Amino acid sequence: MLPLWFALVLIGGWQQNRNIALHCPYTLQPAPNYRYCTDPNDRIQLTDGQYTKGYFWTQRSTVGWRNASPVFIVVDLKRNAPIAGASFNTAAGVAGVEFPAAIWVLVSEDGKRWREVGDLVKASNEQNGPPPSQGYAVHRFWTDRWQTRGRFVAFVVIPQGSFCFVDEIEVYEGEASWTAQPLVGEEVTDLKVFVQKKEIERCALRRLRSDLEALKQLVERANLDEAKKSALKSQLDELAATFPRDFRINDPTSFRTILPLNEWHARLLKVQAQLWKARHVPNFTAFVASSPYDPLPYLTDEPVPKLSQRRTKLLLPGLILLRNETRPIAINIVNARDHPVTVQVKVTGLPDSIAVKVCHAVWTDTKEGIPIAAALLEGDQFIVPTGMVGQAWLSVKATKKALKGEYEGKVL
């Protein structure tokens, strides 16, 4: 016979985490498509109480997707139920499979109007610790620290990579009195728009956090005297203390990932400008890229090649063109000043038969979290933010009217 105190622990745990999603119906969007585990029973396996045994994504008891994001799983609890938490059992770590970036959970009374509860990945990591960072592992993201209610529970899964796998989801029952409490938070009527907003917020905060940590490391490694290094560290500590808690947008369709993303981000990049000046980088430098297709440096303590620092003139390379041929010249522009700089580019001295279109590169973030300066916006006037490397892009074309010979022009 078990001691009485041990029996009480078992009973208490069972009551706290009673799974009210067991054998409940659910919908999947899009339809599962990973061939090694997809079968007709995918429509009932996520709430059948049976966990996968064996290699996770090759078992029929698992439900899987490839190249699908987001994945929507909507469970019908068949009643307005108090909800204390949820669970999502998955696996990752090998064969290019990664754990989900986010699992947003929402509740609804009618399946049309939703309220956000939270990110199950974040809640689970805070309560139970993150999954293993290396090697194959089965991991259950779960929490029992929520307090909400609803008949319908939506799991909105954001895969990290190309695959998404799950074999069981659970919803934990809360206290009966919660069913009389009003639902809180902003009402959501379109789950797809909700996902767009949340992904922008998640990726934007990831960008800010990543840049803060990268600049801290740059300053730490910089070859500076301790006074200058200490001053830069103090500024980064102040920014870390005011790190944005969220990143709110109204219309995800009009949002652009052009860097810097907000005023806090601009202040962070200003610290990079001050690092450059401490490293004796000129306030403003323009130089021709060795190749127009070379990637621009984003966070660096050496934004200017040492040879270019000594140049007093901007020397453009010669171009050999056929008629109707277009070739580019890229001019990198380093702004180490404490404020944004407006740059205007003019090309003079060339005949009308040699056409030059001026564009400029803007920094954007990517889904992979790697900033790039690849988007070209047409216009001969643009802004280079403080602490950033901009680029003027000249597309030089010899038209049909161009005559054989040499032409010389100037870039102002």
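See the structure printed just above.
## Points about the overall build of the protein
Here's step 1: Helix and strand content of the protein: seven helices and 19 strands.
Here's step 2: Taken against the 2.2 N^0.38 rule, which gives 22 Å for 412 residues, the C-alpha radius of gyration of the protein at 28 Å runs more than 25% over that of a compact globule.
Here's step 3: Residue burial in the protein is summarised as follows: out of 412 residues, 45% are buried.
Here's step 4: Long-range contacts, defined as pairs at least 24 residues apart, comprise 78% of the intrachain contacts of the protein with a sequence gap of at least 6.
Here's step 5: Accessible surface, the protein as shown: approximately 22,300 Å² in total, 52% of it carbon and sulfur.

## Observations regarding the sheet that holds strand E15 (residues 354–364)
Here's step 1: Reading across the sheet, the five strands line up as E11-E12-E18-E15-E16 and stay open at both edges, with antiparallel pairing between neighbours. Strands at the two margins of the open sheet, each flanked by one partner only, are strand E11 (284–288) and strand E16 (372–378). Neighbour to neighbour, the strand axes of the sheet diverge by 30 degrees on average, direction disregarded.
Here's step 2: Alignment of E15 against strand E18 (residues 388–398), held across eight bridges, turns out to be antiparallel.

## A closer look at the packing of helix H4 (residues 191–221) against helix H6 (residues 263–278)
Here's step 1: For the pair H4 and H6, the least separation of the axes is 11 Å and the interaxial angle reads 15 degrees. Regarding the angle of H4 to H6, the classification is roughly parallel. H6 is crossed by H4, and the crossing has left-handed handedness. Contacts between H4 and H6 involve Arg-207, Leu-208, Asp-211, Leu-212, Leu-215, Leu-218 and Val-219 on the former and, on the latter, Trp-264, His-265, Leu-268, Gln-272 and Leu-275.
Here's step 2: The class makeup of the residues in the contact of H4 with H6 is eight nonpolar, two polar and two charged.

## Things to note about the nonpolar core
What tends to happen in soluble globular proteins is that the nonpolar side chains get buried as a cluster.
Here's step 1: Ile-73, Leu-77, Phe-88 and Phe-155 are the most contacted members of the largest nonpolar core, which totals 43 residues.
Here's step 2: If you list the elements that add at least two residues to this core, you get strand E2 (63–66), strand E3 (71–92), strand E4 (102–108), helix H3 (120–128), strand E6 (137–143), strand E7 (148–158), strand E8 (163–166) and strand E9 (168–173).
Here's step 3: A per-element tally of this core places E3 first, with ten residues.
Here's step 4: Residues in contact with Ile-73, not counting those within four places in the same chain, are Tyr-26, Thr-27, Leu-28, Leu-46, Trp-65, Phe-88, Val-153, Ala-154, Phe-155, Val-166 and Ile-169.

## Brief notes about the pattern of salt bridges
Here's step 1: Scanning the model with the defined rule gives 17 salt bridges in all.
Here's step 2: In this structure, Asp-76 and Arg-151 form a salt bridge, with 2.7 Å as the shortest nitrogen-oxygen distance. Highlighted residues: Asp-76 in strand E3 and Arg-151 in strand E7, separated in sequence by 75 residues.
Here's step 3: For Lys-233, the salt bridge goes to Glu-220, with nearest N and O atoms at 2.7 Å. A residue pair is termed long-range when its members are at least 10 positions apart, and Lys-233 in helix H5 (residues 226–241) and Glu-220 in helix H4 qualify at 13 residues.
Here's step 4: Among the residues examined, Glu-220 registers a relative accessible area of 46% and is labelled partly exposed.
Here's step 5: Through salt bridges with shared partners, one network takes in Glu-116, Lys-198, Glu-201, Asp-246 and Arg-248.

## Some points on the packing of H5 against H6
Here's step 1: Direction vectors running N to C along H5 and H6 enclose 175 degrees, while the axes themselves pass 10 Å from each other. Here H5 is positioned roughly antiparallel relative to H6, judged by the angle of their axes. When H5 is examined against H6, the residues Lys-228, Leu-232, Gln-235, Leu-236 and Leu-239 are found in contact with a partner set consisting of Trp-264, Arg-267, Leu-268, Val-271, Gln-274, Leu-275 and Ala-278.
Here's step 2: Partitioned by chemical class, the residues of the contact of H5 with H6 number eight nonpolar, two polar and two charged.

## Let's talk about unusual backbone geometry
Here's step 1: Each neighbour pair has its own omega, and for Ser-69 with Pro-70 the value is 0 degrees, a cis peptide bond.
Here's step 2: By the secondary structure assignment, Pro-70 is in the loop between E2 and E3.
Here's step 3: In this chain, Leu-259 is followed by Pro-260 through a cis amide linkage whose omega measures 0 degrees.
Here's step 4: Turning to its location among the elements, Pro-260 is positioned in the loop between H5 and H6.

## Some words on the side chain of Thr-366
Here's step 1: Within the secondary structure, Thr-366 sits in the loop between E15 and E16.
Here's step 2: Take Thr-366: its relative accessible area is 19%, and that puts it in the buried class.
Here's step 3: A distance of 2.8 Å separates the side chain of Thr-366 from the backbone oxygen of Ile-370, its partner in a polar contact.
Here's step 4: The residues touching Thr-366, leaving out its near neighbours within four places in the chain, are Arg-206 and Ile-372.

## Brief notes about a nonpolar patch on the surface
Here's step 1: Taken together, the side chains of Tyr-55, Tyr-136 and Val-138 define a hydrophobic patch exposed on the protein surface, amounting to about 260 Å² of accessible area.
Here's step 2: Tyr-55 gets classed as partly exposed once you look at its relative accessible area, which sits at 38%.

## Structural notes on the packing of aromatic side chains
Given two aromatic rings, their pairing is described by the distance between the two centres and the angle made by the two planes.
Here's step 1: For the structure on display, the rule yields 14 aromatic pairs.
Here's step 2: Between Tyr-293 and Trp-393, the aromatic rings sit 5.7 Å apart at their centres with planes inclined by 65 degrees, giving edge-to-face as the arrangement. Of this pair, Tyr-293 sits in the loop between E11 and helix H7 (306–309) while Trp-393 sits in strand E18, and the two are 100 residues apart along the sequence.
Here's step 3: An aromatic cluster is defined as three or more aromatic residues linked by ring pairs; in this entry it consists of Tyr-34, Tyr-36, Tyr-55, Trp-57, Tyr-136, Phe-163 and Phe-165.
Here's step 4: The ring of Trp-104 is capped by Lys-198, whose NZ or CZ atom sits 4.9 Å from the centre of that ring.

Conventions and cut-offs
- Residues numbered from 1 in each chain as written.
- Predicted model: local features only at pLDDT ≥ 70, side-chain atom pairs only at ≥ 80, totals over all residues.
- Heavy atoms only, no water.
- Helix = DSSP H or I, 4+ residues; strand = E, 2+ residues; numbered from the N terminus.
- Rg over C-alpha atoms; globule rule 2.2 N^0.38 Å.
- Buried < 20%, exposed > 50% of the residue type's maximum accessible area, 1.4 Å probe, protein only.
- Contact = heavy atoms within 4.5 Å.
- Areas by Shrake-Rupley, 256 points an atom, 1.4 Å probe, with all protein chains shown as cover.
- Pairing = 2+ DSSP bridges.
- Axes fitted to C-alpha atoms, helices over the stretch in contact; angles between N-to-C directions.
- Parallel < 35°, antiparallel > 145°, perpendicular 65-115°, else oblique.
- Left-handed = near helix turned anticlockwise from the far one by under 90°.
- Nonpolar A, V, L, I, M, F, W, Y, C, P; charged D, E, K, R; others polar.
- Core = buried A, V, L, I, M, F, W, Y, C linked by side-chain atoms within 4.5 Å.
- Salt bridge = Lys/Arg side-chain N within 4 Å of Asp/Glu carboxyl O.
- Polar contact = N/O pair within 3.5 Å; in protein donor to acceptor, adjacent residues only side chain to side chain.
- Patch = residues over 30% accessible without salt bridge, like charges linked within 9 Å, V, L, I, M, F, W, Y side chains within 5 Å.
- Phe/Tyr/Trp six-rings, centres within 6.5 Å; stacked < 30°, edge-to-face > 60°.
- Lys NZ or Arg CZ within 6 Å of the ring centre and 35° of its normal.

Shape descriptors only; they carry no functional weight alone.
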